[in-house]
Amino acid sequence: MERPELTITVERAPDEVVLHLAGEIDVLTVTNLSALVNETLADPPPRIVLDMAGITFCDSQGLGTLVVLSRKAQHARTVLALTNVGDFLMRVLDITGLRSALMISSVS
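- Looking at an unreviewed UniProt entry, the protein carries the name Anti-sigma factor antagonist, with the source organism given as Paractinoplanes rhizophilus.
- If you open the UniProt record of the protein and go to Sequence similarities (unreviewed entry), you find "Belongs to the anti-sigma-factor antagonist family."

Okay, structure coming up:
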């Protein structure tokens, strides 16, 4: 079985940091995502955007990590927003009740 990959491209602007995600967010890839968001929170911009356009899969570990990162951002007095959330992920967020726990932006 091939190991799932998650690639993250960082785009910095004066008022936000955009992380363009592609691949799978799961038990094997959440560590990299968490490390990058935690690094960004060390000197937090007003807004961190997770661009989910390239996400093909997200397991329960990935969902939990998104919620934890959102809470960490709140504690750092910044906003963590998800954008370009696909239909499958939006459905999972609705089913699990996590949609209300995350800020989902329709505009990137």
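That was the structure; now back to the text.
## Focus: the overall build of the protein
Consideration 1: Scanning the protein from N- to C-terminus turns up three helices and five strands.
Consideration 2: Reading the secondary structure of the protein in the N-to-C direction produces β-β-α-β-α-β-α-β.
Consideration 3: Along the longest, intermediate and shortest principal axes, the C-alpha atoms of the protein span 40 × 30 × 20 Å.
Consideration 4: Buried positions account for 43% of the 108 residues belonging to the protein.
Consideration 5: Long-range contacts, defined as pairs at least 24 residues apart, comprise 66% of the intrachain contacts of the protein with a sequence gap of at least 6.
Consideration 6: If you sum the accessible surface of the protein, you get close to 6,100 Å²; carbon and sulfur atoms cover 52% of it.
Consideration 7: Treating the 8 positive side-chain charges of the protein as one cloud and the 13 negative ones as another, the clouds have centres 9 Å apart.

## Remarks on the nonpolar core
Consideration 1: Membership of the largest hydrophobic core comes to 27 residues, with the highest contact counts inside it found for Leu21, Ile25, Leu33, Leu50 and Met52.
Consideration 2: Mapped onto this core, the elements with two or more residues apiece are β2 (16-25), α1 (30-41), β3 (47-58), α2 (60-75), β4 (79-83) and α3 (87-96).

What counts and how
- Residues numbered from 1 in each chain as written.
- Predicted model: local features only at pLDDT ≥ 70, side-chain atom pairs only at ≥ 80, totals over all residues.
- Heavy atoms only, no water.
- UniProt positions renumbered as here; feature names shortened; annotations may be inferred.
- Helix = DSSP H or I, 4+ residues; strand = E, 2+ residues; numbered from the N terminus.
- Buried < 20%, exposed > 50% of the residue type's maximum accessible area, 1.4 Å probe, protein only.
- Contact = heavy atoms within 4.5 Å.
- Areas by Shrake-Rupley, 256 points an atom, 1.4 Å probe, with all protein chains shown as cover.
- Lys, Arg positive; Asp, Glu negative; His and termini not counted.
- Charge placed at Lys NZ, Arg CZ, Asp CG, Glu CD.
- Core = buried A, V, L, I, M, F, W, Y, C linked by side-chain atoms within 4.5 Å.

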